[in-house]
There are 2 protein chains.
Amino acid sequence: MKLHEAATAPNCRRVRIFLAEKGIDVPVVPVDLGQAENRQEPFRQKNPMGRVPVLELDDGTFIAESVAICRYFEQFQPEPVLMGGSDPEEAARIEMWQRRMELEIALPIMQVFRNTHPYFADRIDQYPDYGEGQRSHATKRLEWLDKELADREFVAGDAYTIADITAQIGIDFGRVTKFKVTEETPNLLRWHQAVSARPSAKA
Amino acid sequence: MKLHEAATAPNCRRVRIFLAEKGIDVPVVPVDLGQAENRQEPFRQKNPMGRVPVLELDDGTFIAESVAICRYFEQFQPEPVLMGGSDPEEAARIEMWQRRMELEIALPIMQVFRNTHPYFADRIDQYPDYGEGQRSHATKRLEWLDKELADREFVAGDAYTIADITAQIGIDFGRVTKFKVTEETPNLLRWHQAVSARPSAKA
């Protein structure tokens, strides 16, 4: 088993943190995003979308999409529970929060980067106005998340889950585009300090 | 148990098709999107994101996010398998394809609508150039999906799964913004005719 990934990509960090929390060690094959290795052959045979990370199983199967890779390991080794076990309500609650963190926070923050940062200027069509709109959207959602976290320790409830990981990698990636968690959102700050203090945060 | 939803919203149709395939009947409470009922109290207590669908459980718990609602029913009644059972590789493969259909096809098609259609002109900030960029992105991905479907019957393999449902609701919603599956993409057309002929398509 091998994980094809890049140190700087937030979706790769999501898988690294997930694996660290599970205590699973997977050999890594670095993909050079700077040289656009992900957008060319032979990488495109692993994932035609040209995105990292990709998990290569021993039988040669490729699993792309960071959350799908996490799902593989969740079922492979259920403990500690990060995506929900056999209880339908728990699994649905975690998935609801995972999706909110992804679609309302991590993805908008990544869109700010893609649409406004010089790194992507020569790589994709950028829409800076849309990027700034996504900044405003993510900022409002972070203020909302701050209020949600007044009542509980973690994003999806009393236990740490993949929803925390997704929020964490989104928010931390936002540093490049000037997102910062401050005392203006005290509950979010407390949560952010807690997840950042876990050993997995270094992954 | 009740499903708060709207007939015209593609994410609501995703849940309706999923339930029809499972043979599960859930009473529906209509939400009036035209009157923006979803963006006001008391609906926002059910889902602070202001989006449909929302599943209300008998204990008063609200589950938002269409895929999280599907997850609830998948674990509640595993057969027929639509999201993957206990085999880690199967579950990860289905989730990979579900996410590709969502992030690369359904979501871009919804972004075309949100950013270019008069319906949203007074409701949100629109970025028409971004919307047209998403049209081009989705069109390329549909051409890629056509090639993928040359080798197999359904999106994630030989069996019908949630990945087919997500592609179906995305593509069908695209009619409003002039997406059409034609003989230029013959494998996609064959697949689209097959999923459209299933009784669940009427849901």
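Residues numbered from 1 in each chain as written. Chains lettered and ligands numbered in written order. Predicted model: local features only at pLDDT ≥ 70, side-chain atom pairs only at ≥ 80, totals over all residues. Heavy atoms only, no water.

Chemist: Where do I start with the interface of chain A and chain B in this structure?
Modeler: The parts lose accessible area when they come together, and the size of an interface is often stated as this lost area. Contact residues are listed per partner, giving 44 residues for chain A and 44 residues for chain B. Buried area between chain A and chain B, summed over both chains or domains, comes out near 3600 Å², and the portion from carbon and sulfur atoms is 57%. When residues of chain A are sorted by the area they lose upon contact with chain B, M49, R99 and Y130 of chain A head the list and together hold 17% of the total. Our count for the chain A to chain B interface comes out at 8 salt bridges. With its nearest N and O atoms 2.7 Å apart, the salt bridge here joins R99 of chain B to E102 of chain A. Run the count over chain A and chain B and you get 15 residue pairs in polar contact (both at pLDDT 80 or more). Elements that contribute at least two residues to the side of chain A that touches chain B include exactly strand 4 (62–64), helix 3 (66–76), helix 4 (88–116) and helix 5 (128–148) of chain A. With 15 residues, the top contributor of residues to the side of chain A that touches chain B is helix 4 of chain A. (Contact = heavy atoms within 4.5 Å. Buried area = accessible area lost by both parts, 1.4 Å probe. Salt bridge = Lys/Arg side-chain N within 4 Å of Asp/Glu carboxyl O. Polar contact = N/O pair within 3.5 Å; in protein donor to acceptor, adjacent residues only side chain to side chain. Helix = DSSP H or I, 4+ residues; strand = E, 2+ residues; numbered from the N terminus.)

Chemist: Hey, could you run me through the sheet that holds strand 1 (residues 2–5) of chain A in this one?
Modeler: Strands pair in a sheet through their backbones, by hydrogen bonds, and they do so in one of two ways: parallel or antiparallel. Residues and elements named next belong to chain A. The sheet built from 4 strands is open, its strands ordered 2-1-3-4 with mixed pairing. Every other strand in the sheet has two partners, leaving strand 2 (28–30) and strand 4 as the edge strands with one partner each. Across the sheet, the mean angle separating the axes of adjacent strands is 25° when strand polarity is ignored. Relative to strand 4, strand 3 (residues 54–56) runs antiparallel, the two sharing 3 bridges. (Pairing = 2+ DSSP bridges. Axes fitted to C-alpha atoms, helices over the stretch in contact; angles between N-to-C directions.)

Chemist: What should I look at first to understand helix 7 (residues 186–197) of chain B in this one?
Modeler: An α-helical turn contains 3.6 residues, so a residue and the one three or four places further along point in the same direction. Residue and element names in this part refer to chain B. Here helix 7 spans 16 Å end to end across 12 residues, near enough to the 16 Å set by a 1.5 Å rise per residue. Along helix 7, the residues that are buried comprise L188, L189, W191, H192 and V195. All buried residues of helix 7 project into a common sector of 165° when viewed along the axis, lining one side. On its buried face, helix 7 is in contact with helix 5 (128–148) and helix 6 (162–173). (Expected span 1.5 Å × (residues − 1). Buried < 20%, exposed > 50% of the residue type's maximum accessible area, 1.4 Å probe, protein only. Arc of directions from axis to C-beta.)

Chemist: Got a minute to help me understand the layout of surface pockets in this structure?
Modeler: Empty space among the atoms becomes apparent when a probe as large as a water molecule is rolled across them. Estimated volume of the second largest pocket: approximately 420 Å³. Along the wall of the second largest pocket there are 17 residues; nearest its centre are Q75, G85 and S86 of chain A together with Q75 and G85 of chain B. For the lining of the second largest pocket, the elements supplying multiple residues, two or more each, are helix 3 of chain A together with helix 3 (66–76) of chain B. Residue classes in the lining of the second largest pocket are distributed as 4 nonpolar, 8 polar and 5 charged. (1 Å grid on protein atoms, 1.4 Å probe; cavity = no way out; pocket = protein on both sides within 12 Å on 5 of 7 lines; lining within 4 Å. Points joined across faces, edges and corners; volume = space filled by probe spheres on them. Nonpolar A, V, L, I, M, F, W, Y, C, P; charged D, E, K, R; others polar.)

Chemist: For this particular structure, what's the right way to read the relation of the copies chain A and chain B?
Modeler: Between the two copies of this chain, the relationship is a rotation about some axis together with a displacement along it. Take chain A, turn it by 180°, move it 0.0 Å along the axis, and it overlays chain B with an RMSD of 0.0 Å. Read as a symmetry element, the transformation amounts to a two-fold axis. No C-alpha of chain A approaches the rotation axis more nearly than that of Y130 of chain A, which lies at 3.4 Å. Here 100% of the contact residues of chain A are again contact residues in chain B; the copies associate through an equivalent surface. (Least-squares fit on C-alpha atoms with pLDDT ≥ 70 in both.)

Chemist: Teacher, can you tell me more about the pattern of salt bridges here?
Modeler: For side chains bearing opposite charge, pairing can occur when the charged atoms are close. Residue and element names in this part refer to chain A. For the structure on display, the rule yields 28 salt bridges over all chains. Between E74 and K22 there is a salt bridge whose closest N-O contact spans 2.7 Å. In this pair, E74 sits in helix 3 while K22 sits in helix 1 (residues 10–22), placing the two residues 52 residues apart along the sequence. Residue E95 pairs with R71 through a salt bridge whose shortest N-O separation is 3.2 Å. Here the residue E95 occupies a position in helix 4, and R71 occupies one in helix 3, the gap between them amounting to 24 residues. Comparing E95 with R71, the two get one shared label, buried.

Chemist: What should I look at first to understand the pairing of strand 1 of chain A in this one?
Modeler: Successive side chains on a regular strand alternate, one facing one side of the sheet and the next facing the other. Residues and elements named next belong to chain A. For strand 1 and strand 3, the ladder comprises 3 bridges, and the chain directions are antiparallel. Following the sheet pairing, K2 is matched in strand 3 by E56. As paired strands, strand 1 and strand 2 are joined by 3 bridges and run parallel to one another. Within the sheet, the bridge partner assigned to E5 lies in strand 2 and is P30. This β-α-β element, strand 1 to helix 1 to strand 2, shows right-handed connectivity. (Right-handed = clockwise from strand over helix to strand, strands pointing away.)

Chemist: How should unusual backbone geometry be read in this particular structure?
Modeler: Glycine aside, residues mostly have negative phi angles, and peptide bonds mostly take the trans form. Here E79 of chain A and P80 of chain A are connected by a cis peptide whose omega angle stands at -15°. With respect to the helices and strands, P80 of chain A occurs in the loop between helix 3 and helix 4. In this structure, the amide linkage connecting V52 of chain B to the following residue, P53 of chain B, adopts the cis form with an omega of 0°. One can find P53 of chain B in the loop between helix 2 (43–46) and strand 3 (54–56).

In short, shape yes, function no, at least from these values alone.
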